[in-house]
Amino acid sequence: MGFQCGIVGLPNVGKSTIFNALTSAKAEAANYPFCTIDPNTGIVKVPDPRLAKIAQYIPPDKLVPASMVFVDIAGLVKGASKGEGLGNQFLGHIRETQAIAHVVRCFSDPNVIHVDGSVDPLRDVSVIDTELILADLDTVSKRYSTMARAAKTGTDKKAAAVMAVLEPVKAALEAGKPVRSLNLPEDDLALIHDFHLITEKKVMYVANVDDTDIGKSEPNLYVKKLMDHAKVEGSPVVQICGKIESEIAELPEEEKEAFLKDMGMSEPGLNRVIRAGYELLGLQTYFTAGQIEVRAWTFHKGWKAPQAAGVIHTDFEKGFIKAEVYHFEDLMKHKSEQAIKDAGALRLEGKDYIVKDGDIMHFRFNV
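*Asks:* Please explain the packing of aromatic side chains as it appears in this structure.
*Replies:* When we look at a pair of aromatic rings, we describe it by the centre distance and by the angle of the planes. In total, this model carries five aromatic pairs according to the counting rule given. Relative to phenylalanine 299, the ring of tyrosine 286 lies with its centre 5.8 Å away and its plane at 50°, an arrangement referred to as tilted. Of this pair, tyrosine 286 sits in strand β8 (residues 283–289) while phenylalanine 299 sits in strand β9 (residues 293–300), and the two are 13 residues apart along the sequence. On the basis of relative accessible area, tyrosine 286 is assigned to the buried category, the value being 0%. Residue classification places phenylalanine 299 among the buried residues on the basis of a relative accessible area of 0%. Here the aromatic residues Tyr286, Phe299, Phe316, Phe320, Phe363 and Phe365 are joined through ring pairs into a cluster of three or more. One cation-aromatic arrangement involves lysine 170 over tyrosine 144; the distance from NZ or CZ to the ring centre is 4.9 Å.

Have a look at this one:
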């Protein structure tokens, strides 16, 4: 399952460099605007050390991590909502994603051109936000009058319900605020789902810094400004160096650990990007474990057992009977499934069981 995250940002902020490091997909990365013309898509393994630890006690033929999809979207510029640069073509690609990773340049380098001539993270964020807000306002305005007329008749109850949400949404967009700033409940968002509003999506900021900033206890001034901005809207900031991450991605596995140690890093910074994306969307992981494979599955926090089973196959959800469940920590404590059973830690759960991150599950179903 995983999720689809669109990578956006102004030209030359390091989007494609970071995308390449994430996916090793080798998108073209060049020092001039619009080198990314078609959206590049890459499937990324979600790093989870629990997989290997489960395999120590339940040896499988293979390990299968969870995955997520990153989409590298062409650099937006001022006027994109009106067709400037590569324009609306790429706003459409953003609409198809579930979350946005906004790459922001937080490094000075005279050899890397900035589309606006200087480095200013807050200005850059504002340019992108403004274009996405204008694109959403255009979408809402095109349907607003028709929806308002339908609601006024009093016979179209759904139109009335949609308008109750659309009015504050339109007001926010006209005031230059993204839809997500309204913190609308899920039921309200469902009513306007078919508008596919870009600024409704959750955002995380990826601060692309210079290699000299890695390992320092204090973020640089550019990053501090970005963090202050992100804190106000409740968005996470992940600080990485695209240049270092691209070097790590090129190394053979056996050399990566030594390189990371030399850089004072415990793991690639991109692992933090993936985990931040998971947390942003309220995603969690459960596992299935047996001789054939130990596998990680992605589900939404709060899902009940049948929904989680449906991630494997729709038949599992339709024909759900029970789930045999124990937790990763139970396996770490007792070392084997038999010992878990002997300790009474293996449970049989029904349709109302809320799955927890780290559960190891076996589903009983009948179709």
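*Asks:* I'm lost on the environment of aspartate 352 in this one. Help?
*Replies:* Relative to the elements of secondary structure, aspartate 352 occurs in the loop between β11 (347–349) and β12 (359–365). Overall, the relative accessible area of 61% leaves aspartate 352 in the exposed class.

*Asks:* Explain the nonpolar core here, please?
*Replies:* Soluble globular proteins tend to pack their nonpolar side chains together in the buried interior. The biggest cluster of nonpolar side chains holds 70 residues, and the ones touching the most others in it are Phe3, Leu22, Ile54, Met68, Phe70, Val273 and Leu331. The biggest single contributor to this core is helix α10 (residues 269–280), with six residues. Ignoring sequence-local partners within four residues, the contact set of isoleucine 54 consists of Phe287, Ala289, Val294, Phe328, Leu331, Met332 and Ile360. The next biggest cluster of nonpolar side chains, apart from the first, holds 19 residues, and it includes Ala148, Met163, Leu189 and Phe195.

*Asks:* What should I look at first to understand the sheet that holds strand β1 (residues 4–8) in this one?
*Replies:* Strand pairing in a sheet relies on backbone hydrogen bonds. The paired strands run either parallel or antiparallel. Spatial strand order, β2-β4-β1-β5-β6-β7: six strands in an open sheet with mixed pairing. Across the chains shown, the open sheet's two edge strands, defined by having one partner strand only, are β2 (40–45) and β7 (237–240). Pairs of neighbouring strands in the sheet enclose a mean axial angle of 25°, with direction left out of account. Together, β1, β5 (99–105) and β6 (202–208) form the strand contacts of helix α4 (residues 121–152), whose direction differs from that of β5 by roughly 145°.

*Asks:* Please clarify how the pattern of salt bridges should be interpreted in this entry.
*Replies:* Should their charged atoms come close, side chains of opposite charge can pair. All told, the structure shown has 20 salt bridges when counted by the stated rule. Between lysine 256 and glutamate 253 there is a salt bridge whose closest N-O contact spans 3.0 Å. Taken together, the positions of lysine 256 and glutamate 253, both in helix α9 (residues 253–262) and three residues apart, correspond to about one turn of that helix. Of the charged contacts in the structure, one is a salt bridge between glutamate 267 and arginine 275, with a shortest N-O distance of 2.2 Å. One continuous salt-bridge network, built from bridges that share partners, spans Asp48, Arg50 and Asp357.

*Asks:* I tried to follow the environment of glutamate 96 on my own but got confused; where do I start?
*Replies:* Position of glutamate 96 relative to the elements: it lies in the loop between α3 (88–95) and β5. Put simply, glutamate 96 and histidine 196 are 100 residues apart on the chain and 8.0 Å apart in space, counted from C-alpha to C-alpha.

*Asks:* Before we go on, may I ask you to explain helix α8 (residues 242–250) in this structure?
*Replies:* Think of an α-helix as turning once every 3.6 residues; residues three or four places apart then point the same way. Within α8, the full set of buried residues consists of Gly242, Ile244, Glu245 and Ile248. On an axial view of α8, the arc spanned by its buried residues comes to 160°, and they lie on one face.

*Asks:* How do you make sense of α10 when you look at a structure like this?
*Replies:* Compared with the 16 Å implied by 1.5 Å per residue over twelve residues, the 17 Å span of α10 between its first and last C-alpha is a close match. With nine of twelve residues buried, α10 lies mostly within the body of the structure. Turning to α10, its buried residues number three or more, namely Gly269, Leu270, Asn271, Val273, Ile274, Ala276, Gly277, Tyr278 and Leu280. Remark: glycine 282 follows α10 within two positions and exhibits a positive phi of approximately 65°.

*Asks:* Looking at this structure, how should I read the packing of helix α1 (residues 15–23) against α8?
*Replies:* Each pair of packed helices can be summarised by the angle the axes make with each other and by the distance between the axes. Running from N to C, α1 and α8 point in directions that differ by 30°, and their axes come no closer than 8 Å. Put simply, α1 runs roughly parallel to α8. When you trace α1 past α8, the crossing you get is left-handed. Of α8, the residues touching α1 (which contributes Thr17, Ile18 and Ala21) are Gly242, Lys243, Glu245, Ser246 and Ala249. For the contact of α1 with α8, a count of residues per class yields three nonpolar, three polar and two charged.

Each value, and the rule that gives it
Residues numbered from 1 in each chain as written. Predicted model: local features only at pLDDT ≥ 70, side-chain atom pairs only at ≥ 80, totals over all residues. Heavy atoms only, no water. Phe/Tyr/Trp six-rings, centres within 6.5 Å; stacked < 30°, edge-to-face > 60°. Helix = DSSP H or I, 4+ residues; strand = E, 2+ residues; numbered from the N terminus. Buried < 20%, exposed > 50% of the residue type's maximum accessible area, 1.4 Å probe, protein only. Lys NZ or Arg CZ within 6 Å of the ring centre and 35° of its normal. Core = buried A, V, L, I, M, F, W, Y, C linked by side-chain atoms within 4.5 Å. Contact = heavy atoms within 4.5 Å. Pairing = 2+ DSSP bridges. Axes fitted to C-alpha atoms, helices over the stretch in contact; angles between N-to-C directions. Salt bridge = Lys/Arg side-chain N within 4 Å of Asp/Glu carboxyl O. Arc of directions from axis to C-beta. Expected span 1.5 Å × (residues − 1). Parallel < 35°, antiparallel > 145°, perpendicular 65-115°, else oblique. Left-handed = near helix turned anticlockwise from the far one by under 90°. Nonpolar A, V, L, I, M, F, W, Y, C, P; charged D, E, K, R; others polar.

These results come straight from atomic positions and should not be treated as a statement about function.
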